[in-house]
Amino acid sequence: MSNEIMEIASFKLKSKVSVERLLTASGQLQEKFLARQPGFVRRHLVGRGEGGYADIVAWADKTSAEAAMRAAMQSPDCADYFELMEMGGLGDGEPGMLIMPVLAAYGA
């Protein structure tokens, strides 16, 4: 078992926010914040259908994930990205954010 942690944050866009605007803000968040965080491994922004999206971020370990989450609360770059979305899941009973340890990984 690795120490890697997966952070999954599901959200919907606020009304009148386009996918293009989301993608631009996502790229800025990646460049200005996430790529600079110790322990950052990789990130995927995925569509969930019916207007839902999720950010899936891999961290080297729990300490790195927790430190990045604390830093995100102070970051103007993160605030700009979060401003585009309605957090709290998709109204399907799923929590808006999950933090889970990786038990096994397969593939590249």
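Residues numbered from 1 in each chain as written. Predicted model: local features only at pLDDT ≥ 70, side-chain atom pairs only at ≥ 80, totals over all residues. Heavy atoms only, no water.

J.: Looking at this structure, how should I read the pairing of strand β2 (residues 40–49)?
T.: Each regular strand displays side chains that alternate between the two surfaces of the sheet. Of the pairings in the sheet, the one linking β2 to strand β3 (residues 52–59) comprises eight bridges and is antiparallel in character. Each bridged residue has a counterpart across the sheet, and for G49 the counterpart in β3 is G52. Here β2 hands over to β3 after two residues, with E50 in that stretch at a positive phi of 50°. (Pairing = 2+ DSSP bridges. Helix = DSSP H or I, 4+ residues; strand = E, 2+ residues; numbered from the N terminus.)

J.: Help me understand the confidence of the model for the chain in this model?
T.: Any segment with low pLDDT has predicted coordinates that should not be analysed in fine detail. On average, residues of the chain score 89 in pLDDT, and 90% of them are at 70 or above. By mean pLDDT, the top-scoring element of the chain is helix α1 (residues 19–32) (96), and the lowest-scoring one is strand β4 (residues 85–86) (87). (pLDDT = per-residue confidence, 0-100.)

J.: Explain unusual backbone geometry to me, please; I cannot follow it from the model alone.
T.: Trans is the prevailing form of peptide bonds, just as negative phi is the prevailing case for residues other than glycine. Phi is positive for K16, close to 70°, though the residue is something other than glycine. Assignment of secondary structure puts K16 in the loop between β1 (5–13) and α1.

J.: I'm lost on the side chain of R43 in this one. Help?
T.: Within the secondary structure layout, R43 lies in strand β2. Within the structure, the side chain of R43 is placed 2.8 Å from the side chain of S26, a separation counted as a polar contact. Here the side chain of R43 touches Y81 through a polar contact of 3.2 Å, side chain to side chain. Among all residues touching R43, those that are not within four sequence positions of it are S26, L29, Q30, L34, D55, I56, V57 and Y81. (Polar contact = N/O pair within 3.5 Å; in protein donor to acceptor, adjacent residues only side chain to side chain. Contact = heavy atoms within 4.5 Å.)

J.: It is not clear to me how the environment of M6 should be interpreted in this structure. Could you clarify?
T.: Mapped onto the secondary structure, M6 falls in strand β1. In the structure, M6 is positioned 54 residues away from A60 in sequence and 9.0 Å away in space, judged by C-alpha atoms. Apart from the residues within four sequence positions on either side, M6 is in contact with I56, V57, A58, L98, I99, M100 and V102.

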